[in-house]
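Observations on the three-dimensional arrangement
What follows is each chain in one-letter form.
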Amino acid sequence: DTDTDTDTDTDTDTDTDTDTDTDTDTDADADTTALSVIHLSPGGPDVDVFAAAAGSTDLPSDTLFAGASFGDATNFEDVPAISYDVYISGSGDPASDNVATVTGLALPADSNISAVAHGFFDDVNSTGNTFEVSTIVDDRSTPESGSFRINVFHGAADPAYEGVDVWNIDGVPAPLIPDFAYASEQFTVELDAGAYTLGFDTDDNGLFEAIFDLPSIEDGSIVNAIASNEVDGTPFILAQFANGDSARIDVATIQNTELSVIHLSPDAPTVDVFVNLAAAPAFEDAPFKGATGFASIPSGEYSVQISADGNTAEANAFEVESIALEPDLRHTVVAYGNLGDESFTVQPLIDDKSAPTTGNFRLRVFHAASADAFTVVDVYALGADGSSELIPDFGYGTTPVVTELAAGEYTVGLDIDDDGISDAVFDLPNINAGEVVNLIASNDTAGNPFLIAQLSDGTAVEIAPVTRTTDLSVIHLSPDAPTVDVFVNEADNPVFRGASFEDATAFGVIPATGYSVQISAEGGTSASPAHTVDNLDLEEGISYTAVAHGYLTDADRTGNAFAVQPLANDNTTPTGGTFRATIFHAAAHPDFAEVDVWDVTGTPTPLLPNVGYADAPVTTEFDAGAYDICLDVNNDSACDATFSLPNIASGNSVNLIAASDNSGNPFLFAQFADGTTAVINPNSAE
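What follows is about the environment of A441. Checked against the element boundaries, A441 lands in strand β32 (residues 436-443). For the pair A441 and I452, spaced 11 residues apart in sequence, the C-alpha separation works out to 6.6 Å. The contacts of A441, once residues within four sequence positions are left out, are F366, H367, A368, A369, F450 and L451.

The tendency in soluble globular proteins is for nonpolar side chains to be buried side by side. In this structure, Y302, V304, I306, I323 and V346 are the most contacted members of the largest nonpolar core, which totals 26 residues. Broken down by secondary-structure element, the contributors of at least two residues to this core are β18 (256-264), β19 (271-275), β20 (283-286), β22 (300-308), β23 (318-325) and β24 (330-336). It is β23 that provides the largest number of residues to this core, a total of 4 residues. With sequence-adjacent residues up to four places away left out, I306 is seen in contact with V271, D272, N316, A317, F318, A335, F344 and V346.

Moving on, we get to the state of the cysteines. Under the defined criterion, the tally for this structure stands at 1 disulfide. Note that C630 is cross-linked by a disulfide to C639, the S-S spacing being 2.2 Å. For the disulfide bridge between C630 and C639, the dihedral angle about the S-S bond is near -75 degrees, and by the sign convention the bridge is left-handed. Its relative accessible area of 32% is what places C639 among the partly exposed residues.

Turning our attention to the packing of aromatic side chains. Under the definition given, this model contains 14 aromatic pairs. Seen in terms of ring centroids, F208 and Y302 are 6.3 Å apart; in terms of plane orientation they differ by 15 degrees. Their pairing is stacked. Here F208, found in the loop between β13 (194-201) and β14 (210-217), pairs with Y302, found in strand β22; they are 94 residues apart in sequence, far enough to count as distant. Residue F208 shares its accessibility class with Y302, and that shared class is buried. Taking the centre distance of 5.9 Å and the plane angle of 80 degrees together, the rings of F288 and F450 count as edge-to-face. With F288 in the loop between β20 and β21 (295-298) and F450 in strand β33 (residues 449-454), this residue pair connects regions lying 162 residues apart in the sequence. Given a relative accessible area of 22%, F288 falls into the partly exposed group. Judged by its relative accessible area of 2%, F450 falls in the buried class. Seen from the ring of F236, R248 lies directly overhead, with NZ or CZ sitting 3.9 Å from the centre.

A word on the pattern of salt bridges. Scanning all chains against the criterion turns up 16 salt bridges. E230 serves as the salt-bridge partner of R248, at 2.7 Å between the closest nitrogen and oxygen. Note that R248 is positioned in strand β17 (residues 246-250) and E230 in the loop between β15 (222-229) and β16 (235-241), a separation of 18 residues in sequence. Across the pair D427 and R468 runs a salt bridge whose closest N-O atoms are separated by 2.6 Å. Separated by 41 residues along the polypeptide, D427 in strand β31 (residues 424-427) and R468 in the loop between β34 (460-463) and β35 (469-477) bring together distant segments of the chain. Since its relative accessible area comes to 28%, D427 is described here as partly exposed. When its relative accessible area of 27% is taken as the criterion, R468 is described as partly exposed. Sharing partners across several salt bridges, the network here consists of D351, D352, R362, R364 and E404.

Now for the sheet that holds strand β51 (residues 677-680). Taken together, the 5 strands give an open sheet; going across it, the order is β46-β43-β49-β50-β51, and neighbouring strands pair in mixed fashion. A strand with exactly one partner marks an edge of an open sheet, and here the two such strands are β46 (618-623) and β51. Averaged over all adjacent pairs, the angle separating strand axes in this sheet is 25 degrees, with direction ignored. Where strand β43 (residues 578-585) lies against strand β49 (residues 653-660), 6 bridges are found, and the strand directions are parallel. Directly across from R580, in β49, lies its bridge partner S653.

Definitions and cut-offs
Residues numbered from 1 in each chain as written. Predicted model: local features only at pLDDT ≥ 70, side-chain atom pairs only at ≥ 80, totals over all residues. Heavy atoms only, no water. Helix = DSSP H or I, 4+ residues; strand = E, 2+ residues; numbered from the N terminus. Contact = heavy atoms within 4.5 Å. Core = buried A, V, L, I, M, F, W, Y, C linked by side-chain atoms within 4.5 Å. Buried < 20%, exposed > 50% of the residue type's maximum accessible area, 1.4 Å probe, protein only. Disulfide = S-S within 2.5 Å. Phe/Tyr/Trp six-rings, centres within 6.5 Å; stacked < 30°, edge-to-face > 60°. Lys NZ or Arg CZ within 6 Å of the ring centre and 35° of its normal. Salt bridge = Lys/Arg side-chain N within 4 Å of Asp/Glu carboxyl O. Pairing = 2+ DSSP bridges. Axes fitted to C-alpha atoms, helices over the stretch in contact; angles between N-to-C directions.

Below you can see the structure in the form of structure tokens.
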């Protein structure tokens, strides 16, 4: 009907039209083409499309396609393969009232041609993307076996989509059409038959602002895929098949995930982090110890490139070829190790965001401290009531450990040599119930350790080690105990090894916290101790001496069983001209159950009456000098054992401990503030 009407409109063209009709009937492949019109002008009215031979002075009166609405694609119609002037009018209006005209639209023969109307009629968004018509041309050749051909056109006029990168995001994302500009030439490619998911990246950072699920496309198919958008900017794809069928593909519901990156590689410079080899970084200018906040991004599979600040993704120092970011999870990618020794790598920390048990927070611990000293550590929770081992034998770069703890403040210790003594101590911030925390151990280029605590909101806090220390010495004064090893916190290695009767260890500096103590025969383990002391609380700034006394086996004894007495050494300066003495009765033999202590240097003077075995230590000050001290064991004011103390200078502090050997012979054990010791036997007169 259209050809007949056109002939009627222009008498002078009747012969020409008749000849064209005759040629079309006898040689259609040479002189005709298949034309479809697609209305993708956002906000445009319903339209009628008129066409006349290019340069014709007479306007056509009959429509080529009538009543096309936004988003419509007409069926393919065979038309003469010539150049046309096209008139687009509001639906029901004549060609003379057209709202847009396209002149000289050339239609090549033997093709499927889609004339796509796109852009804004009134440029409502002031983008310059005004109404125009572009053509998608397919030569109808058969795609390679097992493939389909897709012709892609960018007709999304909204400024947000001025230029996009189009990705195939089935599996590891791969760029399909980089830098695809609005209204640029069609992009044609053949793909393996099947279903595909396309991602649109509008800002060159490898992250997708829109995702589209294409239907499964069969072997041999030819498809046009045209990107467009609604007036409000919402994008969609119109898929048109060779038979003229079309389908609108809306943006898929994007299942987002959260991603953060923490830079903990000591010798790496400030870095930019790219995904999918994008032109622009997803995270930029990340310094050592820097942590990005959590960014909400589409879930899926990504490649990750880490480059020195200012470099491109292609010039990366490290690449993760594939990392799966699951929906509705929280991912933290920790970059750690060293570039210099090629140990640099990354570790994803993944949390499902489920709530911890009521009153608790969830803690995920990762060991990223690459210094040799921290190859394997034991992690302790430290407190006044003792130390509990959270993570034994925690190796560098091993699987993160997840646990839950009651909300509150914690002190964490790292033991690097299996002796139960924390070599680095850290105070964690107060952590509220319900929080999910990543705690990551790291070190700087000098090997100094630190922790990074990352909270649920992405806030990251650097935690430096604290120096709350005390001094500890151990004295072995148990008459029947063998040579012993002393362990703390059930560690694998003793903190003091091979201590024999009458031995005193030097003062060692250890963190001020609570400890459990295990004493085992030399060569034994902390798992099978002969004696255990629980909750030994050592306060900061105080020097302690732990005195082991009493009998391991109490046969024919008085109940003076093995025990440990901590002496808190007051090392402040005594009153001028004096020395300070802490006196403790550790002589376990029954003959010394209770004694009176006298100063017999000159006129005998009682010092401490009725001192019972293992009574609380007594601290007092004496004038500087040498002293004779005697012990009265039967309350008759007569010396049963006298001991001559060395001359003790003003300002000194000394522990004086009464002890006895396995035969019941008494002696004094003197320990000075500098750790030197002396065994003082009774004077021979007695």
